[in-house]
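These are the residues of each chain, in order.
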Amino acid sequence: MSRRFRLAFKLFLGLGLVALLVAGGIYVVVLADLPGPGAVAQRVQRPSTLILDRHGRLLYEVIDPDGSKQASVPLADMPLACQQAAVATEDKHFYQHPGVDLSAIGRALWQNTQAGDTISGASTITQQVARNLLLSAEERYERSVRRKLREAWLAWRLEQAFSKDQLLALYLNQAYFGNFAVGLEAASQAYFGASARELDTAQCALLIGLLQSPARYNPLLYADAARQRQATVLNLMVEQGYLSADQAELARQEPLQFNTNTFPIRAPHFVMFVSSLLEQQLGVDALRQGGLHVTTTLDLDWQEEGQAIVQRRLRQLKEDRKAPLSRRVDNAALVALDPQTGEIMAMIGSPDYFDDRIQGNVNAALSLRQPGSAIKPLTYAAAFDPARAQAAGRAPLNPATLVADVRTVFPTREGEPYVPMNYDLDFHGPVLLRDALGNSFNIPAVKVLQFIGVPALVDQAQRLGISSFVQADDLGLALTLGGGEVRLLELTAAYGAFASGGRRVSPVAILKIENDAGQTLPGMGQAGPRPQVLSPQVAYLITDILSDNEARVRTFGRNSLLRLSGDRPAAVKTGTTTDWKDNWTVGYTPQLVVGVWVGNADNASMIGVSGVTGAAPIWHDFMETALRNTPAQPFGRPPGLVEMEICADSGQLPTDLCPYRRREIFIACPGQACAPTQTDTMHQRITLDGRTMQRAAPEAPPAYRVDRVFWVLPPELQEWARTHGIAQPPPQTAAVTIGGQAAVAPVAVLSAGTRAPLTLTSPDPARVYRLSRAAPPGTQQIEIAAQSDLPLRELTLTVNGQPLWQQQAAYASAWWQLQAGEYTFQAVGITTAGERIQSAPITITVVG
């Protein structure tokens, strides 16, 4: 043996020894304390988790391993679709790699480097099994090379000890699917009420989709998100060749019915909501480990009393013999919060969690539904806010602002006319905003929103905690009538801000979490800071209006169910969608805020059931029950408010001619018009010439001069006055004003823009009409009408430039027979001073 060879051999031996020592050191330092694959059997055992109400009463016990919420089944009893969905979604190279996927690691490193953060992981199914069952709870989410090495080592050892099918079965049996369900069998039972072997492709895709984030994709709470995730899983199965595109589309379109089989649980909707919160706060692994004692905010007595009230009131609606036979009212939800803390005292998601006929296990308290008029207080709050008005460069509105509740055509981005109607299909003429909100008139609410702008309402809603109003550009003026969608829990919390002086109310469901050693987990169940999202003064104005029984008399009467016994102060608002699919009542006292929704889970119309007949009885009964032992408490009035007497017709300061007066509250804001400063001009004493009943000229003999008090309405209300028989004073003429009575400026009316002196009030711009072959041509007519704010000696209506009707008045109306084609209408007037004025043209289309 040559000397060179001996040296090389010694060097190789030395390097090998060093490598062996380094490897041994790494093993000792990094890997030696890890359990072997045989520890898997012991690690699947876990203690129970207890969900308790605020008084320590048991709501639900998550039992393991022998309870119904965790059961292991062999891979042969799991549908192939579930196995394929798991592999396609979680680890597409599962059957090729030795426990660690080097290509996935490379891809993840590149994506994370590009993003500058960890956005993609590379854990295989085997690594997830190793991490969840063989690493400690503290180490599982540790971001370090050491943890990755240990996880990879354990995955490799598991691959040596178990077959691929055994590892896949272990993964599917130990994965957490949400709603306290561990394993595919438990998830199948929890969500579909069936054994895992009975699952079809659509159900497998939905369940496997939950694994990424059971809380985010919970189909009982967030159905749309769950469906989107299901579609993602199906697409991945197509990419991996497990399904054809047609098979995936059939699975995506399949309607899913969720489980409603009974099991021992109280307040089930609330418990499942808490499950979602626990996962978000603690992580999936903490729930899988068990051994938690979770004390919630729920008052079980209130919960069960509320459940009974919901069931009783729904039963009464169904037994109403005067109701149409086609009416269905199957579902309701209720949320009760402490407005000072945000604690959820009761949450009822349906009348019966276990009634599959009404999709009872879907939590309607968290479902997106249209709120109807229940959103209006947020519009008025934004309009009353002086700070918001100052930032926008406009005047703030107040409870005495006058608005014309008359037929109004609002422009839209699409160019089509938007003509809202009031609930009673009537117009109420001059209305102050206190009465407009109290009586829930629609047209004034739309005018207020037009004045402040849709983005102002969206911003106000978001500040109050409503997360579903995202893009203002997609929401039009109908938003203030409930055109958007909200969750009952969030809307109730938004009202809670009114009750708590403008501080944001964030719902809280958990008071305390303890582990199996009795240690309280830090930071759990503690309410965060409560920012001021509304001034106390604005919050009080809304509260004062919503608690004013007189302000809602015209719509609800004096003794409606919106009034609590003993005249307990309570602010409350109802809401009803135009198609009767949703109705609401949300109201509060200083101690409690309660929201109620009534409807059908499948969106069927309730035909004639409104907020005051559907949701209000539930709200009233729950408030009376929950507060029966609580002394009535007035709403505290904050500083910065002023109270003064106004004329109830105009909202201005009263004169001796004002027949009706009342006290009103305003925000004190020097430098801004937050309160009226002008005296009433709506009631005027006008001298007439008794011979002509026209305004008296200066030279009229005293014997013929007659003083008469008129209720003088502004131009926007002249047509309403005419149809309601309210006499208006004769027009002012040049002969009278010279040396005679001075003209008095009309009272200001809320308007979003400058009103033209001559306007066409009918037809609506860009309206499309269709001729009917079934009706005689002579009966297919529309009204062409115009109104001038100035006194006219002549008013002409034209169609395509040709005269249609002429009248010597400031108002003209004529009927025009529909003919196929496009037509442009315009009004032309000659004022008493000889000036020619004309309206903006309006074009319509008639389709034959």
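Structure's up top.
Keep in mind the model is a prediction, meaning the values are calculated, not measured. (Residues numbered from 1 in each chain as written. Predicted model: local features only at pLDDT ≥ 70, side-chain atom pairs only at ≥ 80, totals over all residues. Heavy atoms only, no water.)

K.L.:
So what about the overall build of the chain? Which residues, and what values?
P.N.:
Scanning the chain from terminus to terminus reveals 26 helices and 27 strands. Counting only residues that meet the buried cut, the chain has 54% of its 848 residues in that class. A fraction of 70% describes how many contacts in the chain between residues 6 or more apart in sequence connect residues 24 or more apart. A total accessible area of about 37,800 Å² is found for the chain, and carbon and sulfur atoms account for 53% of it. (Helix = DSSP H or I, 4+ residues; strand = E, 2+ residues; numbered from the N terminus. Buried < 20%, exposed > 50% of the residue type's maximum accessible area, 1.4 Å probe, protein only. Contact = heavy atoms within 4.5 Å. Areas by Shrake-Rupley, 256 points an atom, 1.4 Å probe, with all protein chains shown as cover.)

K.L.:
So what's going on with the pairing of strand β12 (residues 582-588)? Which residues, and what values?
P.N.:
Burial within β12 is extensive, with seven of its seven residues counted as buried. Every second residue of β12 is oriented toward a common face, with Asp582, Trp584, Val586 and Tyr588 on one face and Asn583, Thr585 and Gly587 on the other, all of them buried. Inspection of the sheet shows strand β11 (residues 571-576) paired to β12 by six bridges, in the antiparallel sense. Opposite Thr576, over in β12, you have Asn583 as the bridge partner. Between the antiparallel neighbours β11 and β12 lie five residues, among them Trp580 with a positive phi of about 65°. Alignment of β12 against strand β13 (residues 593-599), held across seven bridges, turns out to be antiparallel. Bridge pairing links Trp584 to Trp597 in β13. Connecting β12 to the next strand, β13, in antiparallel fashion are four residues. (Pairing = 2+ DSSP bridges.)

K.L.:
Describe in detail the packing of aromatic side chains, supporting the description with residues and values.
P.N.:
Scanning all chains against the criterion turns up 13 aromatic pairs. When the ring of Tyr353 is compared with that of Phe354, the centres are 5.1 Å apart and the planes differ by 75°; the resulting orientation is edge-to-face. Plain terms: the ring middles of Tyr495 and Phe498 are 5.9 Å apart, the flat faces sit at 75° to each other, and that makes the pair edge-to-face. Placement of the pair is Tyr495 and Phe498 together in helix α21 (residues 488-499), with a separation of three residues, close to one helical turn. Under the relative-accessibility criterion, Tyr495 is labelled buried at 0%. For Phe498, a relative accessible area of 3% translates into the label buried. An aromatic cluster of at least three residues, connected via ring pairs, comprises Tyr495, Phe498, Tyr588 and Phe635. Here the guanidinium or amino end of Lys164 rests over the ring plane of Phe94, the centre of that ring lying 4.6 Å away. (Phe/Tyr/Trp six-rings, centres within 6.5 Å; stacked < 30°, edge-to-face > 60°. Lys NZ or Arg CZ within 6 Å of the ring centre and 35° of its normal.)

K.L.:
Account for the sheet that holds β12, with residues named and values stated.
P.N.:
The antiparallel open sheet is built from five strands, whose spatial order is β5-β4-β13-β12-β11. At either margin of the open sheet sits one strand with a lone partner, and together these are β5 (344-348) and β11. Going from strand to strand, the sheet's axes swing by 5° on average, the running direction of each strand aside. In the packing of helix α24 (residues 611-626) onto the sheet, the strands contacted are β4 (331-337), β5, β11, β12 and β13, and the crossing angle to β12 comes to about 35°. (Axes fitted to C-alpha atoms, helices over the stretch in contact; angles between N-to-C directions.)

K.L.:
Run through the state of the cysteines, naming residues and quoting values.
P.N.:
Enumeration according to the criterion identifies three disulfides in this entry. Shown here is the disulfide that connects Cys669 with Cys674, its sulfur atoms set 1.5 Å apart. Judged on exposure class, the residue Cys669 and its partner Cys674 are both buried. Within the chain, bonded cysteines paired by disulfides and numbered along the sequence follow the pattern 1-2, 3-4, 5-6. (Disulfide = S-S within 2.5 Å.)

K.L.:
Would you mind going over helix α19 (residues 442-452) in detail, with residue names and values included?
P.N.:
For α19, the tally of buried residues reaches nine of eleven residues, placing the bulk of the element in the interior. Along α19, the residues classified as buried are Asn442, Ile443, Pro444, Ala445, Val446, Lys447, Val448, Leu449 and Ile452. Those residues of α19 that are buried lie in contact with α16 (376-384), β7 (402-405), α18 (433-438) and α20 (454-463). Positive phi appears at Gly453, one or two residues downstream of α19, with a value of about 95°.

On their own, these measurements won't tell you what the molecule is for.
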